[in-house]
Each structure stands twice: as C-alpha cells, then as structure tokens.
Amino acid sequence: MNEIKGTTRAADRAHKSASLIDMATGASLSVGFVLLHRFTLFPFAAFVDCLRLAADEGDRSRQLRCHWTFMTSAGQEAVSSCGAAVSPCRTFQDPDEFDYIVVIGGVQDQQDRVDTTALAYLRQSAAAQVPLVGLCTGVFALIQAGLMKERRCCVSWYHHHDMVQRFPTIEPVADRLFIDDGDRITCAGGAAGADLAAYLVERHLGKAWAMKSLHIMQLDEGRTGVHPQPQPVVFGKVEDRLVRRSIALLEQHLGEAISMEVLAERVGTSRRNLERRFREVLGVGPQKFARDLRLRYGLWLLHYTGKSITEIGERCGFADTPHFSRHFRSAFGMTPSEMRKRASEPGGDKVDPFFLHVEGRPAL
C-alpha cells in the first residue's frame, strides 16, 4: 500500500511539474540535497551530474528541465569524506519545493556527530509527503530519524554489517542497487547513484533524457534496481598480474562456471601456464579456486539475503540444488539449510562481509 501511495504521489508531482515547465526559469524535476557531515562524494556527484546533463541541451548545465538545491543545517559549505567541499549551500528549504529530497551520509563512525537539525528536517519532509531518498549511507540518517520502521532498505554490502549491528530491527538488503518503496527510496551508493538518478529522470522527463545523461557519462544504459551489486571480493597481496586478471574475470562471472581453457584464452596464456601460476601464488589450481570462490559467494548470500537455497545455487553457477549442496557441505561442513538455520539463531555468528578475501601464499 505504501508503494502504491508513494508512486501515485510521485506521479502527481511529475504531472504538476510538467504542466508548469518553463524552459527559461522552470524545472520539471526538482531535487533537494541534504549533505551531511563528511558525505560521500562519488554517489553525490554521479547523481547530481545525471540531473545536470538531463537539465539542458548539450553540456550547457542550465537548470531548465531539472533543478537542484544543496542544503546543510546552517547553510555552511558541505565538506565531503575526501575533503572536497561543496559551496554554496542553503539552509533547509520548504520541502514542498522538491519532488524528492536526497540525503547523503558520510563515514559511519559511531562517535561522529548526529545532525539533529537535519533529522528534524527529514521528518518534516516525510510529514509533507515528499519522497525521501537515502543515498549511500544516507539511509542511516533515515533510520535515525525514525522513518524506516517496518521497511526494507538497500545498503551496500560494505555497510551491511554496520547496519545489522547498529539497527538490528531494520531489514537491510545488500544484493541489489536500489529499492523504490514509493515515498522511500534507498540506494547502495557508488556508481549506482547515476543509475537511480537516471531512473528518476526517465520517470519525470522520459527515457531519451535519461539516456542522454548516461551516454555522456560513458555509461551504456541505466541498471535497474534489482541489478546485483558487485560482489565483495577483496584483493590482498596478489602481485602476479596474470593471476589478478584471472581473479577479476572470475569475479565478474560468479554466476557461471568458466572452463579453464576459456579463462586462459581470455587472459592470454595457456591452461598449463595458468594452472602453474595459480598454484605458485595461491596454492590451488584455478578450477578449484573458481569453485571455492563461487561457494564463498553462496555462503555470503545465505547470510545476507533472503534468497532461497535454489536461487543461491543458480546465482552461483551450480547446475542444480543437490550439486550446490554437495559442494557446499564439502567446503563448510554443513548443508546450506543447516548453515542458514545456525546463522538465524539468537547470538548466531554472521559471516564477516569482508571474508571474500583473496591473497597470495605467505613467503616460505
């Protein structure tokens, strides 16, 4: 019901904006940005640049079809987590000026200050029935404002563990790019900021304007909200460039079993040389390494998503559920269903979201 109401309100706002459009002074999509302390720059830049490119002809950057306003609690400049500052910013404006209000959070340090003025503004905006967008760690601010009760929220796999620890009653989703829940939209952040912005541009202005932005940004097309997040494979001390390239390819194809002949051809070597290099660097052959990587991805999905065991097996490239379960039990000492039950028990340990870590063998 919330999604239907939210979608209707968004459609009403889009219709109202479109009927008032004035190519000299007006806008058919208006977005207010709430920039919190040490906000993350990349998702913000990806989102606002998509609006900028859709707002005008060519690359002229006039706020015609789209309008955006940067806001902070006192109108001060907003300093990002990397130290770059955005200025000028305004104090918080009337929420009814905007079709969406996008809040962008920053580094999640529990000792970091809480912007109570910003949280109050988000509650005011929700009361005014303006759709709220939690971009990257902005979703933490929506939770702190009490605006995500009994709702799913999209979060990066990188911040999933933090959210579970800090807000155990919230249902985080870390296997997709964004969730549109009508009057609440949450996004994992990073490059997905551009995908979400294009999604909203298409809703209000049409697909042509969304594609114009994406193409200028060197993106082929916008990814949908259900598109999976890139998986958390973390490289350690793998210095062999051939092995690193192979791992990168395997990471991109976790949903399928690539033959070693194809893998060797893709990285420009022979199967024999590829197997030798993997054993020297990682201590296992590439085929076993690839299967173990897919199994570890399956373990991660069991802990951090609600997908069925059959879906997980398919997502990890196994022929069928018995095939997946057999290899899973061999690797982890219990079946997928036993692992999921254990993880759901009170006090049950969740797998570390950083456990998909790849590094070379220690020097002898």
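In case you missed it, the structure is sitting above this.
Residues numbered from 1 in each chain as written. Predicted model: local features only at pLDDT ≥ 70, side-chain atom pairs only at ≥ 80, totals over all residues. Heavy atoms only, no water.

A. Layout of the packing of aromatic side chains. A complete count under the given rule lists 12 aromatic pairs for this structure. Between F33 and F47, the ring centres sit 5.6 Å apart and the planes meet at 85°, which makes this aromatic pair edge-to-face. Linking F33 in strand β1 (residues 29–35) with F47 in helix α2 (residues 41–55), this pair joins segments that are 14 residues apart in sequence. Of the two residues, F33 and F47, neither departs from the other in class, the shared state being buried. Relative to F44, the ring of F39 has its centre 5.4 Å away and its plane inclined at 80°; by these criteria the two rings are edge-to-face. No difference in accessibility class separates F39 from F44, as the two residues are buried. One aromatic cluster in this structure is built from F33, F39, F44, F47 and F70. Over the face of the ring belonging to F318 we find R294, whose NZ or CZ atom lies 4.6 Å from the ring centre. (Phe/Tyr/Trp six-rings, centres within 6.5 Å; stacked < 30°, edge-to-face > 60°. Helix = DSSP H or I, 4+ residues; strand = E, 2+ residues; numbered from the N terminus. Buried < 20%, exposed > 50% of the residue type's maximum accessible area, 1.4 Å probe, protein only. Lys NZ or Arg CZ within 6 Å of the ring centre and 35° of its normal.)

B. Looking closely at the sheet that holds strand β9 (residues 178–180). Sheet architecture is open: six strands sit in the order β2-β1-β5-β6-β10-β9, paired in mixed fashion. Because the sheet does not close on itself, it has two edges, and the strands there are β2 (66–71) and β9. For this sheet, the mean inter-axis angle between neighbouring strands, taken without regard to orientation, is 15°. Across four bridges, strand β5 (residues 100–104) lies against strand β6 (residues 132–135) in parallel orientation. Following the sheet pairing, V103 is matched in β6 by G134. Across the sheet, α2 is in contact with β1, β2, β5 and β6; its angle to β2 comes to roughly 150°. (Pairing = 2+ DSSP bridges. Axes fitted to C-alpha atoms, helices over the stretch in contact; angles between N-to-C directions. Contact = heavy atoms within 4.5 Å.)

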